[in-house]
Amino acid sequence: MRLSFAGRLGAVYAALIYLFLYLPIAILILYSFNKSKLNAVWTGFTVDWYLKLFHNSDVLEAMNTTLIVAAVSTLASTMIGTLAAVGMYRYHFRGKTALDAMLYLPIVIPEIVMGISMLAFFAQLKIPLGYLTLIAAHITFSVPFVVVVVKARLAGFDKSIEEAAMDLGATPWQTFVKVTLPVIAPGVIASALLAFTLSVDDVIISFFVAGPTSPTLPLKIFSMVKFGVSPEINALSTLMLMVTLLIVVIAERIRLRKS
Amino acid sequence: MSHPMVVLQEIVKRFGHNTVVQNLSLDIHRGEFLTFLGPSGCGKTTTLRMIAGFEQPTSGRILLDGESVQDRPAYERNVNTVFQSYALFPHLTAYENVAFGLRVKRVPAAEIDRRVKQALRLVQLEDFAKRKPEQLSGGQKQRIAIARALVNNPKVLLLDEPLGALDQKLRKQMQVELKHLQKQLGITFIFVTHDQEEALTMSDRIAVMHHGVLEQVGTPDEIYNRPATAFVAEFIGETNLLRGKAIERTADALLVECEGFRLTAPLQADIREQEPVVVAVRPERISLSLSPADTPERICLPARLSERIYTGAFTRTVVTLADGKTLVSHEKTDELLPVGQGDSLYVQWNPAHAVVLKP
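Every value quoted in this text rests on a predicted model; they were computed, and no experiment measured them. One numbering rule holds for all chains: residues counted from 1, following each sequence as written. Chain labels run from A onward and ligand labels from 1 onward, assigned in the order the entries are written. This being a predicted model, a pLDDT of at least 70 is required before a residue's local features are given, and a value of 80 or more before pairs of side-chain atoms are given or counted; all residues contribute to the totals for chains, interfaces and linings. The basis for the side-chain values is all heavy atoms of the structure; hydrogens and waters are excluded.

A helix here means a DSSP run of H or I that spans at least four residues, while a strand means a run of E at least two residues long, and both kinds are numbered starting from the N terminus. Counting its regular elements, chain A contains 11 helices and zero strands. Each helix and strand of chain A, placed in order from N terminus to C terminus, yields the pattern α-α-α-α-α-α-α-α-α-α-α. Each residue gets one of three labels from its accessible area relative to the maximum for its type: buried under 20%, exposed over 50%, partly exposed in between, using a 1.4 Å probe on protein chains only. Counting over 259 residues, chain A shows a buried share of 42%. Should any heavy atoms of two residues lie within 4.5 Å, those residues are counted as being in contact. By sequence separation, contacts in chain A at least 24 residues apart represent 71% of the contacts at least 6 residues apart. A total accessible area of about 14,600 Å² is found for chain A, and carbon and sulfur atoms account for 75% of it. Positive charge is attributed to Lys and Arg, negative charge to Asp and Glu, and no charge count is given to His or to the chain ends. For the purpose of locating charges, the reference atoms are NZ of Lys, CZ of Arg, CG of Asp and CD of Glu. Across chain A, the centroid of the 19 positively charged side chains sits 5 Å from that of the 13 negatively charged ones. In this description, accessible areas are obtained by the Shrake-Rupley approach with a 1.4 Å probe, and a residue is regarded as covered only by the protein chains that are shown.

All names here are of chain B. Pairing between strands is defined by DSSP: at least two bridges between them are needed. The strand order across the open sheet built from five strands is E15-E19-E16-E17-E18, with neighbouring strands paired in antiparallel fashion. For this open sheet the edge positions go to strand E15 (287–289) and strand E18 (326–332), each flanked by a neighbour on one side alone. Ignoring strand direction, the axes of neighbouring strands in this sheet form an average angle of 45°. Bridge count for strand E16 (residues 299–310) against strand E17 (residues 314–321) is seven bridges, and the pairing is antiparallel. By the bridge assignment for E17, Ala303 is matched with Leu321. Angles run from 0 to 180 degrees between N-to-C directions of axes, and those axes are lines fitted to C-alpha atoms, restricted for helices to the stretch in contact.

Below, the discussion takes up helix H8 (residues 172–201) of chain A. Between its first and last C-alpha atoms H8(A) spans 37 Å; for 30 residues at 1.5 Å apiece the expected length is 44 Å, and the helix comes up short by more than 12%. In the structure, H8(A) departs most strongly from a straight axis at A:Ala185, where the bend amounts to approximately 60° and where the proline A:Pro186 lies between one and four residues downstream. A helix's residues, less one, multiplied by 1.5 Å, set its expected span. Note that the bend at a residue is defined as the angle between axes fitted to the seven residues ending at it and the seven residues starting at it.

By convention a nonpolar core is built from buried Ala, Val, Leu, Ile, Met, Phe, Trp, Tyr and Cys residues, the set being connected through side-chain atoms within 4.5 Å. Ranked by internal contacts, the top residues of the largest apolar core, which has 69 residues, are B:Val6, B:Leu8, B:Phe36, B:Phe89, B:Phe100 and B:Ile190. By residue number, the principal contributor to this core is helix H6 (residues 131–155) of chain A, which donates 10 residues. Among residues more than four places away in sequence, those in contact with B:Leu8 are B:Leu24, B:Ser25, B:Leu26, B:Phe36, B:Thr47, B:Ile51, B:Arg61 and B:Ile62. Residues B:Val82, B:Val151, B:Leu159 and B:Phe191 belong to the second largest nonpolar core, which totals 37 residues.

Before going further, it helps to examine the sheet that holds strand E5 (residues 67–68) of chain B. All names here are of chain B. Taken together, the four strands give an open sheet; going across it, the order is E2-E1-E4-E5, and neighbouring strands pair in antiparallel fashion. In this open sheet, the two edge strands, each paired with only one partner strand, are strand E2 (18–28) and E5. Sheet analysis places strand E1 (residues 6–15) next to strand E4 (residues 59–64), joined by five bridges and oriented antiparallel. The residue bridging Val12 from the neighbouring strand is Ser59, located in E4. Running at roughly 115° to E1, helix H1 (residues 44–52) makes contact with E1, E2 and E4 of the sheet.

All names here are of chain B. Among the six residues in strand E12 (residues 253–258), five count as buried, and that is most of the element. Of the strand pairs in this sheet, strand E11 (residues 240–249) and E12 are connected by five bridges, and their pairing is antiparallel. Bridging from a neighbouring strand, Arg249 pairs with Leu254 of E12. Remark: three residues form the turn of the hairpin made by E11 and E12, two consecutive strands paired antiparallel. Two strands pair when backbone bridges link them, and E12 and strand E13 (residues 261–266) are joined in this way by six bridges, in the antiparallel orientation. Pairing of Cys258 across the sheet is with Phe261, part of E13. Turn length for the E12-E13 hairpin, with the two strands adjacent in sequence and antiparallel, is two residues, and the turn residue Gly260 shows positive phi of about 95°.

What follows concerns the domain arrangement of chain B. Residue and element names in this part refer to chain B. Domain limits in this description derive from either an automatic procedure or a database domain assignment. With domains assigned, chain B is organised as domain 1 (6–231) and domain 2 (238–357). Relative to domain 2, the C-alpha centre of domain 1 lies at a distance of 39 Å. With eight residues of domain 1 at the contact, the number on the domain 2 side is eight residues. Each salt bridge in this description consists of a side-chain nitrogen of Lys or Arg and a carboxyl oxygen of Asp or Glu lying within 4 Å of one another. On the surface where domain 1 and domain 2 come into contact, there are zero salt bridges. If one sorts the elements of the side of domain 1 that touches domain 2 by residue count, helix H7 (residues 220–225) sits on top with three residues. Looking at the side of domain 1 that touches domain 2, its residues break down into five nonpolar, two polar and one charged. Polarity classes work like this: nonpolar for Ala, Val, Leu, Ile, Met, Phe, Trp, Tyr, Cys and Pro, charged for Asp, Glu, Lys and Arg, and polar for all others, with Gly in that last group.

On the chain B side, the residues contacting the 18 residues of chain A number 21 residues. Buried area, as used here, totals the accessible surface that two parts lose on assembly, with accessibility defined by a 1.4 Å probe and the loss added over both. Taking both partners together, chain A and chain B bury about 1,700 Å²; carbon and sulfur atoms supply 64% of that area. At the junction of chain A and chain B, the tally comes to one salt bridge. The partner of B:Arg49 in a salt bridge is A:Glu163, with the nearest N and O atoms 2.7 Å apart. Identification of polar contacts relies on pairs of N or O atoms within 3.5 Å, with a donor-acceptor requirement for protein atoms, meaning one able to donate a hydrogen and the other able to accept it, and with residues adjacent in sequence counted only if both atoms are side-chain atoms. At the boundary of chain A and chain B, one finds six residue pairs in polar contact (both at pLDDT 80 or more). Elements supplying a minimum of two residues to the side of chain A that touches chain B: helix H7 (160–167) and H8 of chain A. Per-class residue counts for the side of chain A that touches chain B are 10 nonpolar, four polar and four charged.

Here the focus is the packing of aromatic side chains. Centres within 6.5 Å make a pair out of two Phe, Tyr or Trp rings, where for Trp the six-membered ring is used; the pair is then stacked when the planes are under 30 degrees apart, edge-to-face when over 60, and tilted otherwise. Under the counting rule described, the total for this entry stands at 13 aromatic pairs over all chains. On the basis of an interplanar angle of 40° and a centroid distance of 5.6 Å, the ring pair of B:Phe33 and B:Phe191 is categorised as tilted. Separated by 158 residues along the polypeptide, B:Phe33 in strand E3 (residues 33–37) and B:Phe191 in strand E8 (residues 188–193) bring together distant segments of the chain. The buried category is assigned to B:Phe191, whose relative accessible area is 0%. When the centroid spacing of 5.3 Å and the interplanar angle of 15° are considered together, the rings of B:Phe231 and B:Phe235 count as stacked. Taken as a pair, B:Phe231 and B:Phe235 lie in helix H8 (residues 230–235) at a separation of four residues, close to a single helical turn. One aromatic cluster in this structure is built from A:Phe33, A:Phe45 and A:Tyr50.

A word on helix H3 (residues 57–90) of chain A. Its 34 residues place the ends of H3(A) 49 Å apart at the C-alpha level, agreeing with the 50 Å of an ideal helix rising 1.5 Å per residue. Sitting at the head of H3(A), A:Asn56 places a side-chain oxygen 3.0 Å from the backbone nitrogen of A:Asp58.

Next up, the structure:
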């Protein structure tokens, strides 16, 4: 079937959009395997840049920081966010609408504002910048996302099954552990994976609250870029991209499987 | 005599400014099948939820087997509920759903297995033990919900419109099964429904509620044949209501005058002379004839045939009285009076079958 002029225009338009979205990433991945040190000419295939990365102690140190911060902040923000979502779902009280809205607000507050305000806050309290401040900041910006995802899962939750559990003799705590949590588990796991990727990827807020001795991986990349984009950075970015993509794919699968 | 299983004492329940249950007092006996019947929003489900412990009465007391359960949360009351939406745990199999109550009470594993299997056998779903709720039909889910409640040997089983979501045929079948279960187990059942037919077929006693007020409590026969209020008369079955006035009150009877006739009814304590009344007569009590009644005790009025509606075993026949008021009579379909639309006839009934009520 021949496409009409408008149809062809539409196809070209769509192709351009996808090209714009994915071409830079494709080039980045491609050049991470380039023999040349320059991001301009292709001189042959190599995995040297990846091997080099794993011998760079600064990079490994940053990776370690990133993983520790991500693991702790994911655990904490998932617990806090899940309890907040369940509480907001279960109870009715004065000022609930306002509190509910204020939970989501950090999602739209500019990150730079969050970063500066946290830096000022930690300085006021004389807390030295380091792991503690990084983790606290990451928990703060992850919690709203956890709440959003878990709340979406709770929207389809039949409240009467909690009543049924209590009717059968389960205490509120038993009801939460044996009924509520298993039913919303896909949402909780998906939100944890989301919190993990948010933590791994964050640059701006981390920039303000990370101490000089504890840069995260994105911060490390950021400082390396100051001396030009090397294939090593391409390789590191590619690895981060793969890890993030993998987690997002797993999160989506879990979220869709049981809903 | 032993004390009642459930005692409701002057229960009041308000949500904000909205009073949903007004001063309700009722004793529910051991092993009784009691139904709360009423239109939606009459407070019947709220009453059930207060007995279960999901709602707290604003004032009044609830006794369960002689003990006040006011301060006891739902999970410490020995009653179990069958929910309208079934409320099965979606992540557990049918077997685990039934075992839930025993597991949280830390009953030994061997006993759990024995009791769960017995409960599944009771509802004839032993072969479906491994299924998840989503793999069960509506009727099967309902049975699992019943088994899940009964396996705990509750003192009282609360049923909140449990058959509402089932189709007509399955509903009738479940009504019979529930009634049998209740007789077999001897457990007190408190059932909530808005379906008057369901209430009449299943209950030992019916408590009719309207706008949060308990209108009447009685056996199905009393509720149907001796309604205490005009609401009960109209809500349960079909009825003809005729307006009139109390004209004379004697020691034990009341003389009532309506358009075209007078009748004497047993005295209702709260009706005085000169007060307006309504006379309620069931359509199946009204017979049609070509000539006036030969016994003077029967009430007999001239009328014209307006409409006939075939409904199966009987035909709904609508007649119009001289004053324009219409009455409905149920005629046996194979014995219809040989008259056509607009023809004159007589309606008659035995005054003993009429009930005089406050309007």
